[in-house]
Amino acid sequence: MARLILFNKPFQVLSQFTDPRGRRTLKDFIPVPGVYPAGRLDWDSEGLLLLTDDGALQAHIASPRFHQAKTYLVQVEGEPAEDALQRLRQGITLKDGPCRPAPVKAVPPPALWPRHPPVRTRLTVADQWLELTLDEGRNRQVRRMTAAIGHPTLRLVRWRIGDWDLSDLAPGEWRELHIHAPKKPPRPGPRKGRRRAPPRAARGRRGWAPPAAVAARPGALPSAPAANHRRIRNRMNSFQAHITVATVVEHEGRLLFVRETQNGEAVINQPAGHAEFGEDLMQAAYRETLEETAWRVEITGLLGWYIFQPYKGAGVYYRTCFIAEPQGHDPHQKLDTGILEALWLTPEELAQRRAEHRSPLVARCVEDYQSGRRLPLDAIYQHPWPLQRG
């Protein structure tokens, strides 16, 4: 049985347990060890936040793959016309791509608790409450959607997630449930028989080129020392398809990396690793980040896809890089074998240690992240490469 905590998050409270700037966090309200937020709710938003001690349940609630419906009560400036609401129902397009259709309707002012500080309204401009349901989760999506139809959000309260709602919870109150967690995908066992050939793209099919959304191979391919060639090649061939995931995690201007061993040397890498057979790519990114850094994160965006070949003649790596936000550190999580420590570095500090980078992808992903590159999360389901190993 998994623990599930339903919490009515007050206004101006962070959806995490720590904050170096001293703002109010979950620690001020929930004295329960070992639970972490399943998703997030912005500092300036209110309402239902779910926390759990089960990673599979956390992913099931937070991952856009499962399309968990979330219902919001939204106070907007002005009175949206029916054609404006119809744009939301049909799926409005934002800067990071089109949104999924969102059921929305105008509702009378709900019987909510007063907000402190109160909402600033203009006497000469009316306001309207909306009930809006999303089954995806982008950064500040509701606010951007209402702004796109010309009606900025004044107050935002999340009332329901899936089958759970606020019911009689006052701001700052919580209650605990015990539920059956979703089944985790089985880990692959040893496989018999001949190894399968790498995907067609890796075999150099004539005329093949990466899709437009996929970054090109970064830099020239270095030659491997002859003494290391066979050892490196054998280690790479232990993975069949080289489908890998990575995350770029930022907090207070610093990015999360790991120091790990490679051929007896310490190198710096993003939290990254191979997706397991039958595993969803976002679940793989969450798992790898947790196992390599002991940080629980929420996947909030897609940075892009990358192709990397360590040297000529080596296997080709296909990496899907996600953007994530930290949700809390798990002191009981044991780090993967070969991981020396987790590091929080500024981009400048990372650049100064370029000689320690495991591959050119380390700097390339950070450069793309700093440039503002973002892709909609749904794009991973039109992934041009095979989604499983082997």
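Please read all numbers here as calculations on a predicted model, not as lab measurements. One numbering rule holds for all chains: residues counted from 1, following each sequence as written. pLDDT decides what is reported in this predicted model: residues at 70 or higher carry local features, side-chain atom pairs at 80 or more are listed and counted, and totals for whole chains, interfaces and linings draw on all residues regardless. The side-chain values count all of the structure's non-hydrogen atoms but skip hydrogen atoms and water molecules.

Describing the pattern of salt bridges
Phase 1 of the analysis: Between Lys or Arg on one side and Asp or Glu on the other, a salt bridge is scored when a side-chain nitrogen of the former is within 4 Å of a carboxyl oxygen of the latter. If you walk through the whole model with that rule in mind, you get 22 salt bridges.
Phase 2 of the analysis: Taking the shortest distance from any N to any O, the salt bridge between Arg 254 and Glu 349 comes out at 2.8 Å. Here the residue Arg 254 occupies a position in strand E14 (residues 254-262), and Glu 349 occupies one in helix H6 (residues 347-352), the gap between them amounting to 95 residues.
Phase 3 of the analysis: A salt bridge links Glu 356 to Arg 353; its shortest N-O distance comes to 3.0 Å. Helical segments are the DSSP runs of H or I of at least four residues, strand segments are the runs of E of at least two, and each set is numbered from the N terminus.

With respect to helix H5 (residues 281-293)
Phase 1 of the analysis: Counted at 1.5 Å a residue, the expected span for H5 with its 13 residues is 18 Å, and the 18 Å between its end C-alpha atoms agrees.
Phase 2 of the analysis: Counting buried positions along H5 yields 13 of 13 residues, so the element is predominantly enclosed.
Phase 3 of the analysis: Ala 294, located one to two residues past H5, shows a positive phi value of around 70°. Expected helix span is computed as 1.5 Å times (number of residues minus one). Here's how the labels work: a residue is buried when its accessible area is under 20% of the maximum for its type, exposed when over 50%, partly exposed in between, all with a 1.4 Å probe on protein chains only.

As for the environment of Arg 3
Phase 1 of the analysis: Here Arg 3 shows up in strand E1 (residues 2-9).
Phase 2 of the analysis: Residue Arg 3 is classed as partly exposed on the basis of its relative accessible area of 24%.
Phase 3 of the analysis: C-alpha separation for the pair Arg 3 and His 180, spaced 177 residues apart in sequence, amounts to 8.9 Å.
Phase 4 of the analysis: Any two residues having at least one pair of non-hydrogen atoms within 4.5 Å are treated as being in contact. Not counting the four nearest positions on each side in its chain, Arg 3 is found in contact with Val 32, Pro 33, Leu 51, Thr 52, Asp 53, Glu 176, Leu 177 and His 178.

As for the confidence of the model for the chain
Phase 1 of the analysis: pLDDT: the predictor's confidence for each residue, scored from 0 to 100. Residues with a pLDDT of 70 or more make up 82% of the chain, whose mean pLDDT is 81.
Phase 2 of the analysis: When the criterion is pLDDT under 50, residues 197-241 qualifies, and its contacts beyond four places in sequence or with other chains add up to 72 contacts.

Notes on the pairing of strand E18 (residues 317-329)
Phase 1 of the analysis: Among the 13 residues that make up E18, eleven are buried, leaving the element largely enclosed by the rest of the structure.
Phase 2 of the analysis: At least two DSSP bridges between two strands are required for those strands to pair. By the bridge criterion, seven bridges tie strand E13 (residues 243-251) to E18 in an arrangement that is parallel. Among the inter-strand pairings, Ile 243 is bridged to a residue of E18, identified as Tyr 318.
Phase 3 of the analysis: Here twelve bridges tie strand E17 (residues 295-308) to E18, and the two strands are oriented antiparallel to one another. In the sheet register, Gly 304 faces E18, and the bridge partner there is Cys 321.

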